[in-house]
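# What the coordinates show
Next come the chains, spelled out residue by residue.
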Amino acid sequence: MPAPKFTLQKPALTPFNVVAGIILAVGLYVTVIRFTQGLAATTNLSDYNPWGIWIGFDLLVGVALAAGGYVTSAACYIFGLKRFHSAVRPAILTGFLGYALVVLALHYDVGRPWRLPYPFIVQSGTTSLLFEVAACVALYLTVLFIEFSPAALEWLGLKRARRIVVRLTLVLTIFGVVLSTLHQSSLGALFLIAPSKLHPLWYSPYIALFFFVSSVVAGLSMVIFESTLAHRYFHDKMDDEHLRQADGVALGFGKAAAWVLAGYFVMKVIGIAQTDAWSYLATGYGAWFLVELLGFILLPCYAFAIGVRDKNLKVIRWTAAWSVLGIVVNRFNVGLIAFNYHLPSSERYFPHWMEIAISLFVVTIGVVAYKFIVTHMPILYSHPDYDAH
Amino acid sequence: MDNPIVTLHDFMLRTESITYILVVAVLVSFPFFWRFLTDRDEDSTRPDGEHSSGKHH
Amino acid sequence: MSISRRKFLGWLGAAGAGAAVGRPAQAAGTARFPGHPEAFGVLFDVTRCIGCRKCEEACQKVNGLPAPERPFSDLTVMDRKRRTDSRNYTVVNRYDHVPGARGPLYRKLQCNHCLEPACASACFVAAFHKNSNGSVTYDESVCVGCRYCMIACPFEIPTYEYDKAFTPRVMKCTFCHPRLVEGLLPGCVEICPAEALTFGRRRDLLRIARERFEKFPGRYRDHIYGETEMGGTAWLTISGVPFRELGMREDLGTVAAPELTKGALSVVPIVAGLWPVLLTGIYAISQRRDKIAREESSAAVAAAVAQAQAEAKAKLAEAMAKAEKEKRAAVEKEVKKALEDAAKAKAQEGAAAAAAAEAEKKPS
Ligand code: SF4
Ligand code: SF4
Ligand code: SF4
């Protein structure tokens, strides 16, 4: 297995390349099994547990963590916060990669992936929230692709095409926000139809709102988190504007995240009041719910605030990572842990190693693609030929 | 659907399908209307992004 | 069998006639939807079921399902709780030591053919259809295999052929829809030796159940499972013990599945309609704000420049005035000096002339 580096020079045996190579090799192996022997051979899915981590992680978490694209472009282009401009391209890129990988992962999960376009071309089940999710994800992936394309077009030197796309920026941004609002919230609303299966602490008439608001948190935190990583590994690719704005982006986004988390926290508490689920707080699930509520919502909220007040970028960056983890915890809770809470443990789901392998495989493809793109295209810097327009 | 609608599900299938068609129509027509509304403005609050996508100001 | 074949066919005819005459379409969205008026159902009476598994066998036969590993006559398979799976549309479970019951109790489970099926509401290719005969059927030719129907079904009925790589299907009881269309009874109903399964129009079954409640006081609990559960189901169950003792959930509520998602779905047009308006508005405002800021700053610059210019001008004027004054003073001084000089010169001339005249007078 040659190391997955797409550059022309000889692939080096760096630790990254070795690990990525192993994951990709295993992933390809599992892929073959999945598409020749079916879901039973590769997953622990059952009739009680039709959705596993390919939905719980790859879809629910993947979409939430790819929210940076719409959050950042809305801040910059709609709200006119130009000082975040240098953060837009990296966020769009990760958003685009995120959605592309979500769609890729869905091909593994659904029984007949070649029929994925059926809801739009054969028969539409418009009463389904999954229809809304599918439609918005498909459209938004297209939007992100177009939003991302200027970087690729600059790389390829196609000035005319780029100019046309750039003229569409505002329309695309607004479209992106509309579509994101819809499908981020609908991912939560998917569970509205199963009140008897999702634990009352997580089942809420507000679940769609929870998913939407927490996607904003996820988007903001991911932008900080990614930029931290990018600074570490791609510092040399960054231009002055990027470096100059980076701290401001972290501070501004940290402030926004603290504020949105505060709103999210309040809504979660009111959600308990609305469904009168207080008494469940005293149970085991209740303890876990409190861990999520206090440890992964209130704590990052407070920590972001401290970081912003003290202008302590280190605190902000660590908090961003923690808050990203909090989103993962939330999506896992809704999709896997609190779902089917009524079943005896023998009927509960735990992922097969091949499911985990595919999830890792998909993430690795994302990292490798990101690496390739930022080293080749003007993402972390502005292309010198296109400075003014 | 030749039978009259007697279930909420069928009713919603009908109303939601129509709604989605309308939604698509709305989303497509908004940019054009905005353009129509603002294309004589001197200041360029036009949705062509020329002024919003600038990199360096 | 409490329902004769002839009567059954008669019903079918009536259902056809009803459909042909047609009913006025339900208007407005606020209308309550009565469901298919002539729909059939099955009443399962737990107090009658003897746990022979004959229904399982019949179901396997009429639906061409794969033969089981252990024969249907082997009743020990009921030692553990089973559920429907992709090879069994229906299973019978045994419940031992149920308080209030003399011996073991049995419960058959299969699709309940909900009046407002959650599976149908959830499917994003509308693969499920509630037919006018009461059955909820599935169209495998459009199914993508997302398995959201399985998430949605509150009775955990639909199952999936996970072991098939290329043509996995959702599998569930069809209410023997093809047989109903032909005028046959469902396989399981037809074979039941204990008359634990009663086929009929749903509205009649509700009446029959209540009649049994009255006729045998103390034998049943006053609850028809499926009358209101999740908006009501075509298959109904009555029993002498609480349903939860038979592994049936009593906390499902009476809200039909589509009601649960209605609100979330209605957000779509609101967001799609209002978001662009709001966001473009915000954009326009922020642009405007930027523009005003720009204008203000350029106006300030202009003013500053103007002021500077004015000041410079004033200074210049002053300087010029001063220069003028100085010049004039200088000229005046020159003139004065010239006049004085002239006067002086004249005076000197005069003096010289006088001296000359004096000198001419002296030598005589
Ligand atoms: S019981 Fe489940 S599978 Fe059967 S109609 Fe109702 S929701 Fe659908
Ligand atoms: S698995 Fe098939 S039938 Fe079930 S919801 Fe998905 S597409 Fe519809
Ligand atoms: S109605 Fe038909 S498909 Fe359903 S359980 Fe009975 S025999 Fe099986």
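What you are looking at is a predicted structure, and each value in this text was computed from that prediction instead of being measured.

For the rest of this paragraph, the subject is the site of ligand 3. Taken together, 14 residues sit near ligand 3, with Cys59, Asn63, Cys173, Cys176 and Cys188 of chain C positioned nearest. Class assignment of the residues belonging to the shell around ligand 3 gives a composition of eight nonpolar, five polar and one charged.

Another point: the packing of helix 5 (residues 85–109) of chain A against helix 11 (residues 240–275) of chain A. All names here are of chain A. Viewed as axis vectors pointing N to C, helix 5 and helix 11 meet at an angle of 90°, and their least axial separation amounts to 8 Å. Judged by the inter-axis angle, helix 5 sits roughly perpendicular to helix 11. Two secondary-structure elements touch here, helix 5 through His85, Ser86, Ala87 and Pro90 and helix 11 through Glu241, His242, Gln245 and Val249. For the contact of helix 5 with helix 11, the residue count by class is three nonpolar, four polar and one charged.

Looking at soluble globular proteins, one finds that nonpolar side chains tend to be buried together. Ranked by size, the top nonpolar core spans 208 residues in total, and within it Phe148, Leu190, Phe191, Leu198 and Ile379 of chain A together with Tyr148 of chain C carry the most contacts. Excluding anything up to four places from it in sequence, tyrosine 148 of chain C contacts Trp51, Ser128, Leu129, Leu130, Ala189, Leu190, Phe191 and Ile193 of chain A together with Ala122 of chain C. If you look at the next biggest cluster of nonpolar residues, it comprises nine residues, including Leu205, Leu206, Phe213 and Leu236 of chain C.

Glancing now at the pattern of salt bridges. Scanning the entire structure with this criterion turns up 28 salt bridges over all chains. Across the pair glutamate 56 of chain C and arginine 82 of chain C runs a salt bridge whose closest N-O atoms are separated by 2.6 Å. Separated by 26 residues along the polypeptide, glutamate 56 of chain C in helix 2 (residues 54–62) and arginine 82 of chain C in the loop between helix 2 and strand 2 (91–95) bring together distant segments of the chain. The same class applies to glutamate 56 of chain C as to arginine 82 of chain C, namely buried. Between arginine 210 of chain C and glutamate 227 of chain C there is a salt bridge, with the nearest N and O atoms lying 2.8 Å from each other. Taken together, the residues span a long stretch of sequence, with arginine 210 of chain C in helix 7 (residues 202–215) and glutamate 227 of chain C in the loop between helix 7 and strand 9 (235–238) at a distance of 17 residues. The class for glutamate 227 of chain C is partly exposed, based on a relative accessible area of 28%. The structure contains a network of salt bridges with shared partners spanning Arg112 of chain A together with Glu140, Glu161, Lys164 and Arg169 of chain C.

A separate point is a nonpolar patch on the surface. All names here are of chain A. A cluster of nonpolar side chains, Leu13, Val18, Ile22, Val26, Tyr29 and Trp353, forms an exposed patch at the surface whose accessible area comes to about 630 Å². For the nonpolar patch, the element with the highest residue contribution is helix 1 (residues 15–37), accounting for four residues. Along the chain, tyrosine 29 turns up in helix 1.

Right, let's get into the sheet that holds strand 9 of chain C. Residues and elements named next belong to chain C. A sheet is described by the order of its strands in space; here three strands give the open sequence 8-1-9, paired in mixed fashion. One side of each edge strand has no neighbouring strand; the edge strands of this open sheet are strand 8 (197–201) and strand 9. On average, each strand axis in the sheet is inclined to that of its neighbour by 25°, with strand direction left out of account. Two elements, strand 1 (residues 40–45) and strand 8, share five bridges in a ladder whose sense is antiparallel. In the strand pairing of strand 8, phenylalanine 44 is matched with leucine 197.

Conventions adopted
Residues numbered from 1 in each chain as written. Chains lettered and ligands numbered in written order. Predicted model: local features only at pLDDT ≥ 70, side-chain atom pairs only at ≥ 80, totals over all residues. Heavy atoms only, no water. Near = heavy atom within 4 Å. Nonpolar A, V, L, I, M, F, W, Y, C, P; charged D, E, K, R; others polar. Axes fitted to C-alpha atoms, helices over the stretch in contact; angles between N-to-C directions. Helix = DSSP H or I, 4+ residues; strand = E, 2+ residues; numbered from the N terminus. Parallel < 35°, antiparallel > 145°, perpendicular 65-115°, else oblique. Contact = heavy atoms within 4.5 Å. Core = buried A, V, L, I, M, F, W, Y, C linked by side-chain atoms within 4.5 Å. Buried < 20%, exposed > 50% of the residue type's maximum accessible area, 1.4 Å probe, protein only. Salt bridge = Lys/Arg side-chain N within 4 Å of Asp/Glu carboxyl O. Patch = residues over 30% accessible without salt bridge, like charges linked within 9 Å, V, L, I, M, F, W, Y side chains within 5 Å. Areas by Shrake-Rupley, 256 points an atom, 1.4 Å probe, with all protein chains shown as cover. Pairing = 2+ DSSP bridges.

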